[in-house]
Amino acid sequence: MIESFNEKQDAIIADFQVFDDWMDKYEMIIDLGKEIQGITVDKRKDEQLIDGCQSRVWLKAEIDNKRMSFSADSDAIITKGIIALLIAVYNGEKPETIVKEDLYFIDQIGLQNHLSPTRANGLLEMVKRMKLEALKHV
Amino acid sequence: MKGKSKYMEGIRSQFPLLNKKVHGKPLVYFDNAATTQKPQKVIDRISTYYSSENSNIHRGVHHLSQVATQDYEDARIRIKNYIGAAKENEIIFTKGTTDGINLIATSLGELMNKGDEVLISAMEHHSNIVPWQLLAERKGITMRVIPIHKDGTLDIETFDGMLNEKTKLVSITHISNTLGTINPIETIIKKAHRAGAKVLIDGAQSIQHGEVNVADLNCDFFVFSGHKIFGPTGIGVLYGKESLLDRMPPYQGGGDMIQRVSFDQTSYNELPFKFEAGTPNIVGGIALGTALEFMESIDTKQAFAHEKELLAYAEKELLKIENLKIYGTSKNKTSLVSFNVGTIHPFDIGTLLDKQGIAVRTGHHCTQPLMDFFSIPGTIRASFSLYNNKEEVDLFIHALKKAISVLS
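Residues numbered from 1 in each chain as written. Chains lettered and ligands numbered in written order. Predicted model: local features only at pLDDT ≥ 70, side-chain atom pairs only at ≥ 80, totals over all residues.

Right, let's talk about the overall build of chain B for a bit. Looking only at helices and strands, one finds 14 helices and 17 strands in chain B. A compact globule built from 408 residues would reach a C-alpha radius of gyration of about 22 Å, and chain B, at 22 Å, matches this within 12%. Taken along its principal axes, the extent of the C-alpha atoms in chain B is 70 × 55 × 35 Å. Here chain B holds 408 residues, and the buried ones make up 49% of them. Taking contacts inside chain B between residues at least 6 apart in sequence as the whole, the part at least 24 apart equals 70%. (Helix = DSSP H or I, 4+ residues; strand = E, 2+ residues; numbered from the N terminus. Rg over C-alpha atoms; globule rule 2.2 N^0.38 Å. Buried ≥ 20, exposed ≤ 12 C-beta atoms within 10 Å, placed from the backbone. Contact = placed C-beta atoms within 7 Å.)

The interface of chain A with chain B comprises 14 residues on the first partner and 13 residues on the second. If you list the elements that add at least two residues to the side of chain A that touches chain B, you get helix 2 (22–35) and helix 3 (77–90) of chain A. Here the element with the most residues in the side of chain A that touches chain B is helix 2 of chain A; it accounts for 5 residues. For the side of chain A that touches chain B, the residue count by class is 8 nonpolar, 4 polar and 2 charged. (Nonpolar A, V, L, I, M, F, W, Y, C, P; charged D, E, K, R; others polar.)

What follows is about the packing of helix 3 (residues 63–83) of chain B against helix 10 (residues 282–297) of chain B. Residues and elements named next belong to chain B. Contact geometry for helix 3 and helix 10: axes closest at 8 Å, N-to-C directions at 45°. With respect to their mutual orientation, helix 3 and helix 10 come out oblique. For the crossing formed where helix 3 meets helix 10, the hand is left-handed. Counting all contacts with helix 3, which are made through Ala68, Asp71, Tyr72, Asp74, Ala75, Arg78, Ile79 and Tyr82, the residues of helix 10 involved are Ile282, Gly285, Ile286, Leu288, Gly289, Leu292 and Glu293. For the contact of helix 3 with helix 10, the class distribution of residues is 9 nonpolar, 2 polar and 4 charged. (Axes fitted to C-alpha atoms, helices over the stretch in contact; angles between N-to-C directions. Parallel < 35°, antiparallel > 145°, perpendicular 65-115°, else oblique. Left-handed = near helix turned anticlockwise from the far one by under 90°.)

The next thing to look at is the nonpolar core. Grouped together as the largest cluster of nonpolar side chains are 130 residues, with contacts concentrated most on Val199(B), Phe221(B), Phe222(B) and Tyr239(B). A per-element tally of this core places helix 3 of chain A first, with 10 residues. The residue makeup of this core includes at least three contributed by each of domain 1 (2–30 + 299–407) and domain 2 (43–296) of chain B. In contact with Val199(B), not counting residues within four places along its chain, are Val170(B), Ile188(B), Ile189(B), Ala192(B), Cys219(B) and Asp220(B). (Core = buried A, V, L, I, M, F, W, Y, C linked by C-beta atoms within 7 Å. Domains from an automatic or database assignment.)

What follows concerns the sheet that holds strand 5 (residues 117–121) of chain B. All names here are of chain B. Pairing is mixed across the open sheet formed by 7 strands, whose spatial order is 4-10-9-8-7-5-6. The sheet is open, and its two borders are formed by strand 4 (91–94) and strand 6 (142–146), each paired with just one other strand. Adjacent strand axes in the sheet meet at a mean angle of 20° when their direction is disregarded. In the sheet, strand 8 (residues 198–202) pairs with strand 9 (residues 221–225) via 3 bridges, with the strands oriented parallel. In the strand pairing of strand 9, isoleucine 201 is matched with phenylalanine 222. In the packing of helix 3 onto the sheet, contacts are made with strand 4, strand 9 and strand 10 (236–240), and the angle to strand 4 comes to roughly 115°. (Pairing = 2+ DSSP bridges.)

Let's shift gears to the confidence of the model for chain A. The predicted model of chain A has a mean per-residue pLDDT of 90, with 96% of residues at 70 or higher. At the low end of the mean pLDDT range in chain A sits strand 1 (residues 49–51) of chain A, at 84; at the high end sits helix 4 (residues 95–100) of chain A, at 95. (pLDDT = per-residue confidence, 0-100.)

So, about the sheet that holds strand 17 (residues 379–383) of chain B. All names here are of chain B. Taken together, 4 strands build an open sheet; the order of strands is 13-14-17-16 and the sheet is antiparallel. Strands with a single pairing partner mark the edges of an open sheet, and in this sheet they are strand 13 (324–327) and strand 16 (361–363). In this sheet, neighbouring strand axes are inclined to one another by 30° on average, regardless of whether the strands run parallel or antiparallel. Relative to strand 17, strand 14 (residues 336–341) runs antiparallel, the two being bridged by 4 bridges. Considered in strand 17, the bridge of phenylalanine 339 is made with isoleucine 380. Helix 11 (residues 300–318) rests against strand 13, strand 14 and strand 17 of the sheet, and its axis sits at about 10° to strand 14.

Residues and elements named next belong to chain B. Where burial is concerned, most of strand 10 is hidden: 5 out of the 5 residues are buried. A two-sided burial pattern is seen for strand 10, the buried positions comprising Gly236, Leu238 and Gly240 on one face and Val237 and Tyr239 on the other. Across 5 bridges, the pairing between strand 9 and strand 10 is antiparallel. Pairing of phenylalanine 221 across the sheet is with glycine 240, part of strand 10.

Residues and elements named next belong to chain B. For isoleucine 185, the location among the structural elements is in helix 7 (residues 185–194). Look at isoleucine 185 and you get buried, because 24 C-beta atoms sit within 10 Å. Put simply, isoleucine 185 and leucine 217 are 32 residues apart on the chain and 7.8 Å apart in space, counted from C-alpha to C-alpha. Beyond its immediate chain neighbours, meaning those up to four positions away, isoleucine 185 contacts Ile172, His174, Ile201 and Leu217.

Structure (structure tokens):
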């Protein structure tokens with residue numbers, strides 16, 4: 001049984017609720033960043049690059065059987081860990097869901113500043129691009 | 001030793017923001033190369049201006065306007081004295097260092113021709129690169145780059161060979177914002193003058209950390225930002241030699257910079273107003289004066305020595321960390337240290353330092369060509385000011401070690 005979009009978000013929020021200390025939250029993010037497959041350096045393409053002022057992000061989007069599938073990578077491990085969370089939530093969703101549904105877990109776990117324009121780590125642009133890629137199939 | 005530190009703690013106590021907590025941890029503010037915190041007297045001056053003096057300057061016959069004009073012009077005189085300029089009409093108020101460089105590139109640039117050369121260095125901030133690239137597009141001048149050595153010092157020998165009859169201007173930073181290198185500007189100015197070129201010094205990083213005397217230096221232009229010497233943002237200074245400023249055309253048109261306007265012809269105001277179109281940042285100018293008053297009120301010799309001690313202590317402690325590499329190892333260096341740890345991305349370390357209350361800068365520091373030179377995406381930069389102390393360096397080192405252990 002595939003979890004719904006919001007169920008996936010709620011599960012992440014619950015996972016993070018056990019931590020009081022910020023360093024522990026980041027340790028989990030870093031572990032996620034290490035685990036996710038990403039896009040190996042030799043497979044990265046220029047058109048996939050999102051050049052943030054602080055860190056760089058590569059994003060690849062595909063659609064298979066009307067479901068979106070993303071892979072992404074970053075040169076910074078914290079950025080990559082947050083990418084892992086975003087991908088966990090968006091992968092396997094219908095394009096319509098990605099375009100329409102509210103992405104609230106980032107705020108709830110206190111990572112909203114990573115998706116602010118001032119952070120300049122490429123994540124804000126990445127979410128925009130994920131939605132745009134989904135929009136192509138709506 | 002104790003008395004000395006007590007004196008420095010007395011200075012620190014004048015900066016209210018330093019008592020702040022960030023993410024529940026005491027703030028350690030090591031981003032002083034980006035901007036400095038403000039002493040209470042600067043904060044009070046801004047408040048007093050708006051609560052009892054606010055009015056427009058240089059034109060009102062009424063009392064308030066006269067008071068504000070007087071205070072603004074007094075600030076100009078204080079700045080003139082502080083940097084050792086000959087005349088107050090050589091002090092142009094700007095928005096900051098970037099604005100000052102753009103003013104010169106635009107105005108002095110009008111007097112340049114195709115084929116003329118402007119020399120900059122490989123360690124310049126983007127603010128001292130892009131205005132010359134724009135001028136190159138506009139006027140066909142050539143921007144040439146003085147290379148640097150791996151230790152972050154300027155390649156003076158190559159510089160010697162680059163000077164020629166086409167060199168119209170050498171525009172160079174006094175201190176590198178990324179590496180901390182203090183450039184030998186006295187030598188550079190002499191050599192450039194011998195070749196018939198003018199010299200613009202970007203003093204954004206130096207104004208806070210040492211005595212600057214434009215007369216002794218004999219530079220043609222010197223620019224700096226108020227917020228980097230304990231003053232407000234949005235105000236800066238361009239010093240220029242009167243003879244040069246007189247020859248240069250206005251930068252922007254508008255109020256204050258004119259003498260007489262008709263639809264056929266406009267005549268321009270005299271210096272410094274020729275370069276100050278529109279209502280200026282009045283309170284900024286006044287409060288910058290107060291910031292310099294603060295600098296004059298302290299024993300700067302002791303303060304600057306204290307900054308150097310902090311740098312030496314921080315570098316000593318940093319180098320004990322495995323795989324830590326410092327970028328910029330010039331013997332003559334200001335109180336900032338740029339580094340990376342192994343292959344860990346600077347953004348990751350910066351993020352984890354922030355969560356522990358440590359404010360440093362990470363990234364390319366607006367010097368992307370310099371990052372390309374070292375083949376790195378960026379660095380972590382800790383920059384110290386006179387109000388920082390050794391205990392803060394200890395907190396920083398402790399937090400850094402924790403960040404590294406989490407990231408390894």
